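# Structural features, examined
Each chain, written out:
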Amino acid sequence: MSEYRVLARKYRPTSFAELIGQTPMVQTLSNAFLSGRIAQAYMLTGVRGVGKTTTARILARALNYQSETVDQPDISLPGTGVHCPDIMSGNHVDVIELDAASHTGIGDIREIISSVRYRPVSARYKVYIIDEVHMLSNAAFNGLLKTLEEPPEHVKFIFATTEIRKVPVTILSRCQRFDLRRVDVEQMHAHLASICEKENVDPDSEALSMIARAADGSVRDGLSILDQALAHASSGNSANVVSLDGDSVRGMLGLADRARIVDLFEQVMKGEIAKALVELDSQYDAGADPATILSDLAAFCHLVTKMRVLPEFADEKSLSEIERKRGAVFAETLSLSVLNRFWQIVQNGISEVSSATNPLQSADMVMVRLVHASTLPSPEDLLKDQNGQSVGSTDLSSRSIVKAKSASPSSPSTVSGAGNVVPIANRGSRAQSLATEAMPNSELPEPEAQPAARQWETIASFEDLLRVAEEKRDIAFKLALRNNIRLVHFEPGKMEVNLVGTPPRNLLSDISNKLMSWTGERWMIATSTQEGALSFREQEDQHKAALMEDAEQNSAVTAILSHFPKSRIIDVRVSEAIDSSTADPGSVPLPDEDSD
């Protein structure tokens, strides 16, 4: 019986065509080899298991490719060359692989420096592959610098690292750098499916999706998990055929059922705390880790948020039917502020559960916080509440928020639902709007007398904004508006601007905050790449320049300037008695030459 080879080694790529997810790097190397622009050193970086060492060996194979018909560096690798088997197995005498994690000192680098002078034994290039190069000491890096910058023509260096920031910039500047990308879930799913076909495995799509997500972009991790899943799975009906289903993979990885995660998410959003706690206990009893359950909730919240912002994301092939359909419903119903609040609580909860002595109890309390937060109004609703506008809230439960206006200052609006009546204080009072719960036959407390409603400013144009800034005696703000703002678009609640000159650092946030304070409404202030209208300062300068030009063309002014050779026009002021819109510059009365 032959020795079993793990899938990660058995299906290790031997050519660039077999690499998945690294098209930009392959394209760049192909162009470089075709044009003869082959660098003396390469730096490969990326997460663990993405294929750095494998890519280094394939690159060494391409540099030394030699066959009966080809005797030059070739990236396409049309067949197995003379040196290919030994290079890919790591046994070629001219391709030296060094693990920097166990060879960190200057002594190891001295051996390389002393050996580079000798030509390769049989191959075209002597190739040094140094893995985890960031582990080298400072002395080792410094010893390598000169040789790396001017190596002999027959020497090439290939470095690989997962910690690119730990590599000195003096080394990076002497290498061509390639960032190997994480393999996305869809590509990983297709790759695992092709390997299952070769291994006579009958998988379902859910199982491969779970493995692809668990791999987190690492092909090696994905194949290792698949290896473990095949050992864990049972044989199918046909001989030598292994069935791989989602339940088997879920149990092996300790994951919660995706459908049950969606159910838990829905129960939390509905405020059904009892059902949510029962579901959490049930998933825990089934073997799911509490921290993993929260992580899955966070992942689904991210999915819903992405589908709300990018509806076309629902067409991703890596999504299950449950995620696609139910996620789309949540995306249409839940606001971004609610989703963001859910995300923040879950992220904090994951840290708490991971360090808790009793993870399940900690997860229960996270559920309580999530359910409580789902019933709170959003910050936007609270702001609207202060402005005398109706309150709205997005909620999946049977509770409904009634948009009601007070008949008089003494009659509060109410929120009704689920057998409770909660008084909402007149706009501006938060304390009474969140937690007051009356029993069926209890009487509502009399509301306190409310102060007179605030008079908000009406700002319907940019000129109105300048006027209000003047009235508020906010001179610095007014000057910034006049000098540094080119207006692109203005409508109530929204303004697009183009900044010019040297505006204050927080000008945009100042505009938003002051508009909120003055109008009582939330404004969206955005920058634009369009040039926009001239700023008020630029308009004044343009107008002044036109007046100066008109004055210079006046015959009387010309006579004065010629009579006084060193004189010049420094300012033009139009008398209020003169209608500047109709007056001819030549008709403006000027003093006689003999006058003071």
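Described in the following lines is the structure provided in the data block. What you are looking at is a predicted structure, and each value in this text was computed from that prediction instead of being measured.

Before going further, it helps to examine the packing of helix α9 (residues 205-215) against helix α11 (residues 246-253). The interhelical angle for the contact between α9 and α11, taken along N-to-C directions, is 30 degrees, at an axis separation of 7 Å. If you check the angle between α9 and α11, you find them roughly parallel. For the pair α9 and α11, the crossing hand works out as left-handed. Contact residues: α9 offers E206, A207, M210, I211 and A214, while α11 offers G246, V249, R250 and L253.

Right, let's get into the sheet that holds strand β11 (residues 494-499). Pairing is mixed across the open sheet formed by three strands, whose spatial order is β10-β11-β12. Edge positions in the sheet fall to β10 (485-491) and β12 (524-527), since each of these pairs with one other strand and no more. Taken over all neighbouring pairs, the strand axes of this sheet differ in orientation by 20 degrees on average, direction set aside. Taken together, the six bridges between β10 and β11 define a ladder with antiparallel strand orientation.

Mapped onto the elements of the fold, R177 is located in strand β5 (residues 176-179). With a relative accessible area of 42%, R177 lands in the partly exposed category. Taking C-alpha positions, R177 is 4.6 Å from M43, a pair spaced 134 residues apart along the chain. Within the structure, R177 has its side chain in polar contact with the side chain of D179 (distance 3.0 Å).

In terms of nonpolar packing, the biggest core is built from 39 residues, with F265, L294, L297, F300, F342, M367 and L370 touching the most fellow members. Among the elements of the structure, α12 (258-270), α13 (273-285), α14 (290-309), α15 (321-333), α16 (336-355) and α17 (359-374) are those that each provide at least two residues to this core. In terms of residue count, α14 provides more of this core than any other element does, 10 residues in total. Counting 30 residues, the second-largest nonpolar core is a separate cluster that includes I58, I87, I129 and I158.

So, about the sheet that holds strand β4 (residues 155-161). What the five strands build is an open sheet, ordered β2-β3-β4-β1-β5; its pairing is parallel. Only two strands of the sheet have a single neighbouring strand rather than two, namely β2 (95-99) and β5. This sheet shows a mean twist of 15 degrees between the axes of neighbouring strands, independent of strand direction. As paired elements, strand β1 (residues 41-45) and β5 share four bridges and run parallel to each other. Note that in β5 the partner of T45 across the bridge is D179. Contacts from helix α6 (residues 138-149) reach β1 and β4 within the one sheet, and its direction differs from that of β4 by about 135 degrees.

The subject of this paragraph is the environment of S351. Tracing the backbone shows S351 in helix α16. By relative accessible area, which is 51% here, S351 ends up exposed. For the pair S351 and L294, spaced 57 residues apart in the sequence, the C-alpha separation amounts to 10.0 Å.

Rules and cut-offs
- In this convention, every chain numbers its residues from 1, walking through the sequence in written order.
- Residue-level local features of this predicted model are given only where pLDDT is at least 70; pairs of side-chain atoms are given and counted only at 80 or more, and the full residue set underlies all totals for whole chains, interfaces and linings.
- Hydrogen atoms and water are omitted, and side-chain values are computed over all heavy atoms in the structure.
- All axes are obtained by fitting lines to C-alpha atoms, using only the stretch in contact for helices, and the reported angles, taken between N-to-C directions, cover 0 to 180 degrees.
- Numbered from the N terminus, helices here are DSSP runs of H or I no shorter than four residues, and strands are runs of E no shorter than two.
- The labels follow the angle: roughly parallel below 35 degrees, roughly antiparallel above 145, roughly perpendicular from 65 to 115, and oblique for the rest.
- Helix crossings fall into two classes, left-handed where the near helix is turned counterclockwise from the far one by less than a right angle and right-handed where it is turned clockwise.
- The contact criterion used is simple: two residues touch if any of their non-hydrogen atoms lie within 4.5 Å.
- Between any two strands, at least two bridges found by DSSP are needed for them to pair.
- Each residue is assigned to one of three classes by its accessible area relative to the maximum for its type, calculated with a 1.4 Å probe on protein chains only: buried under 20%, partly exposed between the two thresholds, exposed over 50%.
- Definition of a polar contact: a pair of N or O atoms within 3.5 Å, with one able to donate and the other able to accept a hydrogen when the atoms are protein atoms, and with sequence-neighbouring residues admitted only if both atoms are side-chain atoms.
- We call a set of buried residues a nonpolar core when its members are Ala, Val, Leu, Ile, Met, Phe, Trp, Tyr or Cys and they connect through side-chain atoms within 4.5 Å of each other.

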